[in-house]
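Structure at a glance
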Amino acid sequence: DGGITQSPKYLFRKEGQNVTLSCEQNLNHDAMYWYRQDPGQGLRLIYYSQIVNDFQKGDIAEGYSVSREKKESFPLTVTSAQKNPTAFYLCASSTRQGSGGYTFGSGTRLTVV
Amino acid sequence: AQRVTQPEKLLSVFKGAPVELKCNYSYSGSPELFWYVQYSRQRLQLLLRHISRESIKGFTADLNKGETSFHLKKPFAQEEDSAMYYCALISPGSNYKLTFGKGTLLTVNP
């Protein structure tokens, strides 16, 4: 099961804590993305990066932060400023123009307790 | 701004019946359209894209620029088709970000 790996599969966080979700890909893709999936909301883009050391805010970036120090890795930090962090988080990667479609990871389910 | 609309949250059909999952989009240029599928407990995966004009698992989708639609069709639904289906759009004008509809949950009853 190569391609794109997200860890952990399940994550529990106490209110007020920051947590970091891992995303690694071995597809040699330039671009990487973080989406949040909520029932009835579809997938909403949090952050994306088209090249190393550069990233852009998506539609719902507030309360999240990312880094892209290596081509293979795009970790997402859910900060305490995120008001409703309980959700399913999906990481994806693609070629820079995305014409072949995106490849998705298996997701991380974050629960705030 | 680009937008993808899937008007049906839920769609239920019987095995062997035809199925059509609707997708409409708003974008003034020439976007690339996709259908993604998420089976229970599996990761989101690409089903088909309009550029390749291929048929996957018996599904087809035709891009209708006049109606700005990209409906997904299958003549005879199977129980294993039960899943969440997402229509998505990508365009140069949005830095090639993939914009998703809210999804349609298809249930195929025996």
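Residues numbered from 1 in each chain as written. Chains lettered and ligands numbered in written order. Predicted model: local features only at pLDDT ≥ 70, side-chain atom pairs only at ≥ 80, totals over all residues. Heavy atoms only, no water.

**Notes on the overall build of chain A**
- Counting secondary structure elements, chain A contains zero helices and eleven strands.
- When the helices and strands of chain A are read in sequence order from the N terminus, they spell out β-β-β-β-β-β-β-β-β-β-β.
- Against the 2.2 N^0.38 benchmark of 13 Å for 113 residues, chain A shows a C-alpha radius of gyration of 13 Å, consistent with a compact globule.
- In terms of its C-alpha atoms, chain A occupies a principal-axis envelope of roughly 35 × 30 × 25 Å.
- The proportion of buried residues among the 113 residues of chain A is 50%.
- Within chain A, one finds 12 positive and 10 negative side-chain charges whose respective centroids are separated by 4 Å. (Helix = DSSP H or I, 4+ residues; strand = E, 2+ residues; numbered from the N terminus. Rg over C-alpha atoms; globule rule 2.2 N^0.38 Å. Buried < 20%, exposed > 50% of the residue type's maximum accessible area, 1.4 Å probe, protein only. Lys, Arg positive; Asp, Glu negative; His and termini not counted. Charge placed at Lys NZ, Arg CZ, Asp CG, Glu CD.)

**Regarding the nonpolar core**
Residue and element names in this part refer to chain B.
- One finds W35, L72 and Y85 to be the most contacted residues of the largest nonpolar core, which totals 24 residues.
- Of all elements in the fold, only β2 (10–14), β3 (19–21), β5 (32–38), β6 (45–49), β9 (83–90) and β11 (104–109) reach the threshold of two or more residues within this core.
- With four residues, β9 is the single largest residue contributor to this core. (Core = buried A, V, L, I, M, F, W, Y, C linked by side-chain atoms within 4.5 Å.)

**Points about the interface of chain A and chain B**
- Counting residues at the interface gives 23 residues for chain A, matched by 17 residues for chain B.
- Scanning the region where chain A abuts chain B turns up zero salt bridges.
- There are eight residue pairs in polar contact (both at pLDDT 80 or more) connecting chain A and chain B.
- Every element with two or more residues in the side of chain A that touches chain B is listed here: β4 (31–38) and β5 (42–51) of chain A.
- In terms of residue count, β5(A) provides more of the side of chain A that touches chain B than any other element does, five residues in total.
- Here the residues of the side of chain A that touches chain B sort into nine nonpolar, twelve polar and two charged. (Contact = heavy atoms within 4.5 Å. Salt bridge = Lys/Arg side-chain N within 4 Å of Asp/Glu carboxyl O. Polar contact = N/O pair within 3.5 Å; in protein donor to acceptor, adjacent residues only side chain to side chain. Nonpolar A, V, L, I, M, F, W, Y, C, P; charged D, E, K, R; others polar.)

**Things to note about the packing of aromatic side chains**
- Using the criterion set out here, one finds 14 aromatic pairs over all chains in the structure.
- With 6.2 Å between their ring centres and 90° between their planes, Y86(B) and F100(B) make a pair best called edge-to-face. Of this pair, Y86(B) sits in strand β9 while F100(B) sits in strand β10 (residues 98–100), and the two are 14 residues apart along the sequence. Across this residue pair, the class does not change: Y86(B) and F100(B) are buried.
- Between R68(A) and the ring centre of F74(A), over which it is positioned, the NZ or CZ distance is 6.0 Å. (Phe/Tyr/Trp six-rings, centres within 6.5 Å; stacked < 30°, edge-to-face > 60°. Lys NZ or Arg CZ within 6 Å of the ring centre and 35° of its normal.)

**Regarding the pairing of strand β6 (residues 54–57) of chain A**
All names here are of chain A.
- As paired elements, β5 and β6 share three bridges and run antiparallel to each other. When the bridges of β6 are listed, I51 appears paired with D54.
- Following β5, the chain reverses through two residues before pairing antiparallel with β6; N53 in that reversal takes a positive phi of roughly 65°. (Pairing = 2+ DSSP bridges.)

**Things to note about the pairing of β5(B)**
Residue and element names in this part refer to chain B.
- Buried residues dominate β5, accounting for seven of its seven residues.
- Bridge count for β5 against β9 is seven bridges, and the pairing is antiparallel. Paired with Y36 across the bridge in β9 is Y86.
- What sits between the antiparallel neighbours β5 and β6 is a turn of six residues, in which R41 has the positive phi angle 65°.

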